[in-house]
Amino acid sequence: MWVLFQEKMMERSIIRKCCNNQLWLVILISFVLCFVLLCFNYSALTGNQDGVTAVLAVSNDENLITAQKSEPLQFTSSLNETLIRPNITNSITEETSKDQQSVEQKPVADSCLGKYIYIHDLPRRFNQELIDNCESITVGTEHNMCPYLVNSGLGREVENSEGVLLNKSWYSTNQFLLAVIFHNKMKQYKCLTNDSSLASAIYVPFYAGLDVGRYLWGVKASIRDQSSFDFVKWMVSQPEWHKMWGRDHFLVVGRISWDFRRQTDNESDWGSKLRFLPESNNMSMLSIESSSWNNDYAIPYPTCFHPSKDSEVLQWQDKMRRQKRPYLFSFAGAPRPDLQDSVRGKIIEECQASKNLCKLLECNYGVNGAITCDNPANVMRLFQNSVYCLQPAGDSYTRRSIFDAILAGCIPVFFHPGTAYAQYKWHLPKNYTKYSVFIPVKDVKDWKAGINETLQRIPEERVMSMREEVIRLIPRIIYADPSSRLETFEDAFDLAVKGILDRIDRVRNVIRGGGDPSAGFADGDDYKYTFSGYM
């Protein structure tokens, strides 16, 4: 009996242990299942979130984020921002690899960083009204300016060039309309911004040259200066002015800088005093000829060639390489008997004495009262047939003929450093011997140029090298059609924009370093137009 009782108790103990083991197994399995379900739910929840692109708008005034000035986050779909971070999606699909799910894409740098330009919306009286009343800017010129304003300021297309010019990229362009051409090209600039806080530079489309051109002859100084006073008054009232007190502002004019640097209020003195107004003195000005002050910069005169695509440039360059040049040298211009220091008279004499080695095109009134040199076909025909093109100073240091010569593949010959070397530093090589010949003439009374003999002594190998360099420079000295954009070449506009952006960035770096941005900004350079360094 006792034995049976013990056997029963042992049997119940075994069953109890088995049941306890089964219970713990069930609890363990349940815990594992709950953990798996929780993980699955979490991944499903996070997988449904959409990526958001947050773009931080950073002011190019500093081009960096500081604790002193923070900007709110801006959400945008535009690609034209300071920094673009691509959207990240965590949606899990069978086709998505594990690496794509876990690795976040790297930020894509903005190609316009440090290049943004803001265009001031000036009152119409400073630009558009001058165009609308174009007959008023004809005063003091030889011809009506209105026809030159068509085609975005390029003028009318040149017809019947007798094979001298190629394609339909040639126009009767007036040099005084550079401001209009530049403005129209700026409207197509790839890094424009409507947010001035992003801008590295502020472009001010004041047609100061067209404005003052109405009052240069026989008009009181106060009238010549009125628009300048009104202009700077408007400028300083704008919030953009106070960021760098105008030192990130620039304007472009189609006249020489000296036309805006009248130093007295004498009625007989020439031009306006725009550039001597304190506010204007803080700005940079680009013009066809700079002055001896550091805040004036020279950019090329507009030629009559305005290609709309790269192939037209290449086609023209190839034509200039193959061109036969029967004349050793040539000159297009007129004497300046009223200018005692002008070398033009001597140049014309030497050209006429050189017989078949030199060709002269006198710029006078021809058939139907037209000025012969205003026809680009006449000038291009002369320069295309010449190895060298003589470039003495005109009414001022520079002349448009410099760029007509380069355009024709003709090696320019200079007599004064102020005609090109001290001027177009953004566009022409610093080593001027690569593309030109320099025959220094300090005083016309001591004229001993001997142009014919000097040019004939130059080895043929150097002649070929200089000509190739001149032809290579062609894209750099032309303004492409404002309605298009060259793909592989930088034109005169592109180089001018790069130059002024670099200038402003250097000033900005001075400010960042705690320096005085006014130091040297608008100082005069008494040695700029001397022969020092060129002889």
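Rules used in this analysis
Residues numbered from 1 in each chain as written. Predicted model: local features only at pLDDT ≥ 70, side-chain atom pairs only at ≥ 80, totals over all residues. Heavy atoms only, no water. pLDDT = per-residue confidence, 0-100. Contact = heavy atoms within 4.5 Å. Pairing = 2+ DSSP bridges. Helix = DSSP H or I, 4+ residues; strand = E, 2+ residues; numbered from the N terminus. Axes fitted to C-alpha atoms, helices over the stretch in contact; angles between N-to-C directions. Buried < 20%, exposed > 50% of the residue type's maximum accessible area, 1.4 Å probe, protein only. Disulfide = S-S within 2.5 Å. Parallel < 35°, antiparallel > 145°, perpendicular 65-115°, else oblique. Nonpolar A, V, L, I, M, F, W, Y, C, P; charged D, E, K, R; others polar.

### Describing the confidence of the model for the protein chain
(1) Moving on: Looking at the protein chain as a whole, the pLDDT averages 83, with 77% of positions reaching at least 70.
(2) Moving on: Here residues 1-19 is a poorly scored stretch, pLDDT under 50, and it has 0 contacts once near neighbours within four places are set aside; other chains count.
(3) Moving on: A low-confidence stretch, residues 40-99 (pLDDT under 50), is modelled with 86 contacts involving residues beyond four sequence positions or located in other chains.

### A closer look at the sheet that holds strand β5 (residues 117-119)
(1) Moving on: The sheet built from 5 strands is open, its strands ordered β5-β6-β7-β8-β9 with parallel pairing. Each edge of the open sheet carries a strand with a single partner, namely β5 and β9 (296-298). Each adjacent strand pair in this sheet contributes to an overall mean axis angle of 25°, direction not counted.
(2) Moving on: As paired strands, strand β7 (residues 249-252) and strand β8 (residues 284-287) are joined by 3 bridges and run parallel to one another. Counted as the bridge partner of Leu251 is Met285 from β8.
(3) Moving on: Along the sheet, helix α15 (residues 492-512) makes contact with β5, β6 (201-203), β7, β8 and β9, crossing β8 at roughly 160°.

### What to know about the pairing of β7
(1) Moving on: Of the two faces of β7, the one lined by His249 and Leu251 and the one lined by Phe250 and Val252 are each fully buried.
(2) Moving on: Alignment of β6 against β7, held across 2 bridges, turns out to be parallel. Its bridge partner being in β7, Ile202 is matched across the sheet by His249.

### Things to note about the state of the cysteines
(1) Moving on: For the structure shown, the criterion picks out 5 disulfides.
(2) Moving on: At a sulfur-sulfur separation of 2.1 Å, the disulfide partner of Cys112 is Cys191. Handedness of the Cys112-Cys191 disulfide follows from its S-S torsion of about -80°: it is left-handed. Taken together, the positions of Cys112 in the loop between β4 (108-109) and β5 and Cys191 in the loop between α4 (178-186) and β6 put the pair 79 residues apart, joining distant regions of the chain. Per residue, the accessibility class of Cys112 equals that of Cys191, and both read buried.
(3) Moving on: Across a sulfur-sulfur distance of 1.7 Å, Cys363 and Cys373 are joined as a disulfide pair. Linking Cys363 and Cys373, the disulfide has an S-S dihedral of approximately -80° and is accordingly described as left-handed. Taken as a pair, Cys363 in the loop between β11 (358-362) and α11 (376-384) and Cys373 in the loop between β11 and α11 lie far apart in primary sequence, 10 residues in all.
(4) Moving on: With its bonded cysteines labelled in order along the sequence, the protein chain shows the pairing 1-4, 2-3, 5-6, 7-8, 9-10.

### A word on the packing of α4 against α15
(1) Moving on: Where α4 contacts α15, the axes come no closer than 11 Å and their chain directions differ by 80°. Regarding the angle of α4 to α15, the classification is roughly perpendicular. Packed against α4, whose contacting residues are Phe182, Lys185 and Met186, the element α15 presents Phe493, Ala496 and Val497 at the interface.
(2) Moving on: Split by residue class, the contact of α4 with α15 holds 5 nonpolar, no polar and 1 charged.

### Concerning the side chain of Gln317
(1) Moving on: Topologically, Gln317 is positioned in helix α9 (residues 310-322).
(2) Moving on: Aside from chain neighbours lying at most four places away, what touches Gln317 is Ile471, Arg472, Ile474, Pro475 and Phe489.

### Here we look at the pairing of strand β13 (residues 411-414)
(1) Moving on: The side-chain alternation of β13 yields two buried faces, one formed by Ile411 and Val413 and the other by Pro412 and Phe414.
(2) Moving on: Relative to β13, strand β12 (residues 386-391) runs parallel, the two being bridged by 4 bridges. Paired with Tyr388 across the two strands is Ile411, which belongs to β13.

### Some points on the sheet that holds β12
(1) Moving on: Across the sheet, 5 strands lie side by side as β11-β10-β12-β13-β14; this open sheet has parallel pairing. A single partner strand is all that each edge strand has here, and the edge strands are β11 and β14 (437-438).
(2) Moving on: Of the strand pairs in this sheet, strand β10 (residues 327-333) and β11 are connected by 5 bridges, and their pairing is parallel. The residue bridging Ala332 from the neighbouring strand is Leu361, located in β11.

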